[in-house]
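# Results of the structural survey
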Amino acid sequence: MTFDTIYQYNFPTTIRFGAGTSKELGEYLLKNNLSKPLIVTDTTVAQLDFFKEIIDDLKRKNISIEVFNNIHKNPVKSDVYNGTEAFDTAKRDSVIGIGGGAALDVARAIVLRVNHREDLFKYDDLIGGDVYVTNDVPHFITIPTTAGTGSEVGRSAIIADDDTHQKKILFSPKLLAKIVFADPLLTMDLPPFITAATGMDALTHNMEAYLAKMPHPICEGIALEGISLINQSLEKAVNSPGLQSRSKMLIASLMGAVAFQKGLGVVHSLAHPLSSLLDIHHGLANAINIPYGMEFNIKGFEHKFKRIAKALDLKDETGEAVVKYLFDLNSKINIPHKLSDIGVLPEHIETLADLAIADFAHPNNPKPVSREDFKRLYLKAL
Ligand SMILES: NC(=O)c1ccc[n+]([C@@H]2O[C@H](COP(=O)([O-])OP(=O)(O)OC[C@H]3O[C@@H](n4cnc5c(N)ncnc54)[C@H](O)[C@@H]3O)[C@@H](O)[C@H]2O)c1
Ligand SMILES: [Fe+2]
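Below is a summary of the structure that appears in this document. Quick caveat, the model's predicted, so the values are computed rather than measured.

### Quick notes on the packing of aromatic side chains
Counted according to the given criterion, the structure contains two aromatic pairs. Ring centres 5.7 Å apart and planes at 80° place the aromatic pair Y28 and F181 in the edge-to-face group. With Y28 in helix α1 (residues 25-31) and F181 in strand β8 (residues 179-182), this pair connects stretches of sequence that are 153 residues apart. When its relative accessible area of 17% is taken as the criterion, Y28 is described as buried. The ring of Y210 has K304 lying over it, and the distance from NZ or CZ to the ring centre is 4.5 Å. Taking the ring centre of F296 as reference, the NZ or CZ of K367 above it sits at 5.5 Å.

This is the structure we're talking about:
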C-alpha cells in the first residue's frame, strides 16, 4: 500500500459475544426503554426452541411482541414492504432481527423503510442511493443464528426484485445494529448442510476480503485470523459440533463481515447469479466456486497466497496448495465439487456470465475479471 493517500476505515457496533448472551436481550430492551419490538425471523427459526425461549422471556418482562416471519429464502422487496406494514400496524418502537442472513437482511431493510418511503430501490447503493438515507431509523438489534454471512455486523441488506430477481444492495452506516447478541448456543443444532454452506460463505468472505484491492491492513489482519479460526473449526462444526467449534465459527463469520468492508471478489460475483437465477443457497454457491475463483487469482498474488497458506497451517505455501485445501475441505463437509451436481446446466452459462459481469463484487477482485473469464470459470466448475 502507499502512504501518500488518506483512507477511511470504519469499525462496527457493540458485540456481546459468548454462550448465553441472547438471554441479555430482555434486560437490554428495558434499559433502553424499548417495549414494542418487531421481531423479524423466518418460519423455520420461529419454530426452534431457543426462539420460543427468547419470546417467553420477553413476555415475562411485559414486553409486547410482534413477530414477522413471512420472508423468502432469497429475500425480495415485497417481504420488506409487508414487514414494514407489520411495524406500522402494531405501532412498534424497534426492530430485532433473529436468524440467518436472510432474516437479518429483511430486518435491516425494514429499519431503513420505516422512515424512508420512496421506492425501496431508490436507496440502492450501486446507483448512489445511500445519499437518500437521511432520516432517523428505529433502534436495531441483531441476533445471528447461522455462522456465515456476518450480516449481524453489516451495514447493508441484499434484497432482490420480486420479478427480475436482480439483487440490490441497500447500504447506509445508519443501518448498523446498535448491539449484536452473538450467542454460539443458538447455532448448536444447525444441520450439517447449513453449517457447511454458511461456513464456506464465511471462509469466502475472509479470503476474498484479504485479497481485495483496497489497501486496508486492519481488515487484512482480521481476515487472516478469520481464515485460521475456520481452518480450526469448520470440519468439526459440521461433523462433530461442540461449543468450541461453534464459537470459533460464529466469531470467524463476524470477522469475515468486518473484513469485507475492504471488498469481495470474483467468487461472490460467480455466486450471486446462481442465487438470483436458480435460487441456490448463497453459501453453497460460494463453496463450489471458491476453489476455481482462488485458482484464477493466484498468478501475480503468490505473496498473498503464501500468507493464506500460513493461516491454513499448510506445509506447502503455494496458491495451488490453497486450492487443493479448498477442494479437500469441500469433500470433508459434503459439498459437491461441480455446479452440475446442484442442477446447473450448460444452457445456463451465458445468462450466468451476463449477470456475473454486472455484479457489484468483482471490481474489488485483486485482478480484473472479464465476461469471458466468468464463462470460463463457470464451464470449469460445471
Ligand atoms: N448483508 C450481507 O452483508 C450479506 C452477506 C452475505 C449474504 N447475505 C444474504 O444472506 C442470505 C443467506 O444467509 P444464511 O446463509 O445465513 O442463510 P439463511 O438465512 O437462508 O438460513 C439458512 C437456513 O438455515 C435455517 N436456520 C437459521 N438458523 C438456524 C438454526 N439456528 N438452527 C437451524 N436452522 C437454522 C433457516 O431457517 C434457513 O432455512 C442470503 O439472502 C444472502 O443474500 C447478506
Ligand atoms: Fe457472502
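Anyway, onward from the coordinates.
### Quick word on the site of ligand 1
As a structural note, the neighbourhood of ligand 1 is formed by 26 residues, with D42, G101, D105, T145 and T146 the closest of them. A distance of 3.5 Å separates an oxygen atom of ligand 1 from a polar side-chain atom of T44. Within the backbone of A102, a nitrogen or oxygen atom sits 3.0 Å from an oxygen atom of ligand 1. Counting residues per element, the ones that place at least two in the shell around ligand 1 are α4 (101-113), β6 (156-160) and α5 (192-211). Counting residues per element, the shell around ligand 1 draws most heavily on α4, which supplies three residues. Residue composition of the shell around ligand 1, grouped by class: eleven nonpolar, twelve polar and three charged.

### Focus: the coordination of the iron ion (ligand 2)
Donor atoms from the polypeptide that bind the iron ion (ligand 2) are D201 (OD), H205 (NE2), H268 (NE2) and H282 (NE2), placed at 2.1 to 2.2 Å. Considering all four donor atoms around the iron ion (ligand 2), the spread of angles at the metal, 85 to 169°, places the coordination shape in the irregular class. Mapped onto the sequence, the residues coordinating the iron ion (ligand 2) show the spacing D-x3-H-x62-H-x13-H. On the criterion of sequence distance, the pair formed by D201 in helix α5 and H268 in helix α8 (residues 266-278) is long-range, its members being 67 residues apart. Across this residue pair, the class does not change: D201 and H268 are buried.

### Some remarks on the layout of surface pockets
Its volume calculated, the second largest pocket comes out at about 280 Å³. In this structure, the second largest pocket is lined by 15 residues; those nearest its centre are Q166, K167, S276, L355 and D359. Elements with a minimum of two residues in the lining of the second largest pocket: β7 (167-171) and α8. A total of four residues in the lining of the second largest pocket trace back to one element, the largest contributor, which is α8. For the lining of the second largest pocket, the per-class residue count stands at six nonpolar, five polar and four charged.

### Considerations on empty space enclosed by the protein
For the coordinates displayed, the defined rule picks out one cavity of 30 Å³ or more. The calculated volume of the largest cavity comes to roughly 40 Å³. Around the largest cavity, the lining residues are A147, T187, L190, T195, T198, R246 and M249. Elements with a minimum of two residues in the lining of the largest cavity: α5 and α7 (243-259). Of the residues in the lining of the largest cavity, the class split is three nonpolar, three polar and one charged.

### Some remarks on α7
Taking 1.5 Å per residue, 17 residues should reach 24 Å; α7 reaches 24 Å between its end C-alpha atoms and fits that length. By the criterion of burial, α7 is predominantly enclosed, with 13 of the 17 residues buried.

### Some thoughts on the environment of E66
Following the sequence through the fold, E66 ends up in strand β3 (residues 66-68). Sequence separation between E66 and R92 is 26 residues; the distance between their C-alpha atoms is 8.1 Å. When near neighbours in sequence (up to four residues on either side) are disregarded, E66 contacts P37, L38, I39, A90 and R92.

### Examining helix α13 (residues 371-381)
For α13, every residue scored as buried is listed here: D373, F374, L377, Y378 and A381. Down the axis of α13, the smallest arc covering the buried residues is 130°, so these residues share one side. Contacts from the buried residues of α13 go to α8, α9 (282-297) and α12 (349-357).

### Some thoughts on the pattern of salt bridges
Applying the stated criterion across every chain, the model contains 17 salt bridges. Notably, a salt bridge pairs K61 with D57, separated by 3.0 Å at the nearest N-O pair. By relative accessible area, which is 24% here, K61 ends up partly exposed.

### A few points about the packing of α5 against α9
Direction vectors running N to C along α5 and α9 enclose 35°, while the axes themselves pass 7 Å from each other. Between α5 and α9 lies a crossing whose hand is left-handed. Contacts between α5 and α9 pair F193, A197, M200, D201, T204, H205, M207, E208 and L211 from the former with H282, G283, L284, N286, A287, I290, M294 and N297 from the latter. Tallied by class, residues from the contact of α5 with α9 come to nine nonpolar, six polar and two charged.

### Re the side chain of H216
Following the sequence through the fold, H216 ends up in the loop between α5 and α6 (217-239). If near-sequence neighbours (up to four positions away) are discounted, H216 is found in contact with Y9, F11, Q261 and K262.

About the cut-offs
- Residues numbered from 1 in each chain as written.
- Chains lettered and ligands numbered in written order.
- Predicted model: local features only at pLDDT ≥ 70, side-chain atom pairs only at ≥ 80, totals over all residues.
- Heavy atoms only, no water.
- Phe/Tyr/Trp six-rings, centres within 6.5 Å; stacked < 30°, edge-to-face > 60°.
- Helix = DSSP H or I, 4+ residues; strand = E, 2+ residues; numbered from the N terminus.
- Buried < 20%, exposed > 50% of the residue type's maximum accessible area, 1.4 Å probe, protein only.
- Lys NZ or Arg CZ within 6 Å of the ring centre and 35° of its normal.
- Near = heavy atom within 4 Å.
- Polar contact = N/O pair within 3.5 Å; in protein donor to acceptor, adjacent residues only side chain to side chain.
- Nonpolar A, V, L, I, M, F, W, Y, C, P; charged D, E, K, R; others polar.
- Donors = N, O, S within 2.8 Å, 3.2 Å for Na, K, Ca; no water.
- Tetrahedral: all angles 85-135°; square planar, octahedral: opposite > 155°, others 65-115°.
- 1 Å grid on protein atoms, 1.4 Å probe; cavity = no way out; pocket = protein on both sides within 12 Å on 5 of 7 lines; lining within 4 Å.
- Points joined across faces, edges and corners; volume = space filled by probe spheres on them.
- Expected span 1.5 Å × (residues − 1).
- Contact = heavy atoms within 4.5 Å.
- Arc of directions from axis to C-beta.
- Salt bridge = Lys/Arg side-chain N within 4 Å of Asp/Glu carboxyl O.
- Axes fitted to C-alpha atoms, helices over the stretch in contact; angles between N-to-C directions.
- Left-handed = near helix turned anticlockwise from the far one by under 90°.

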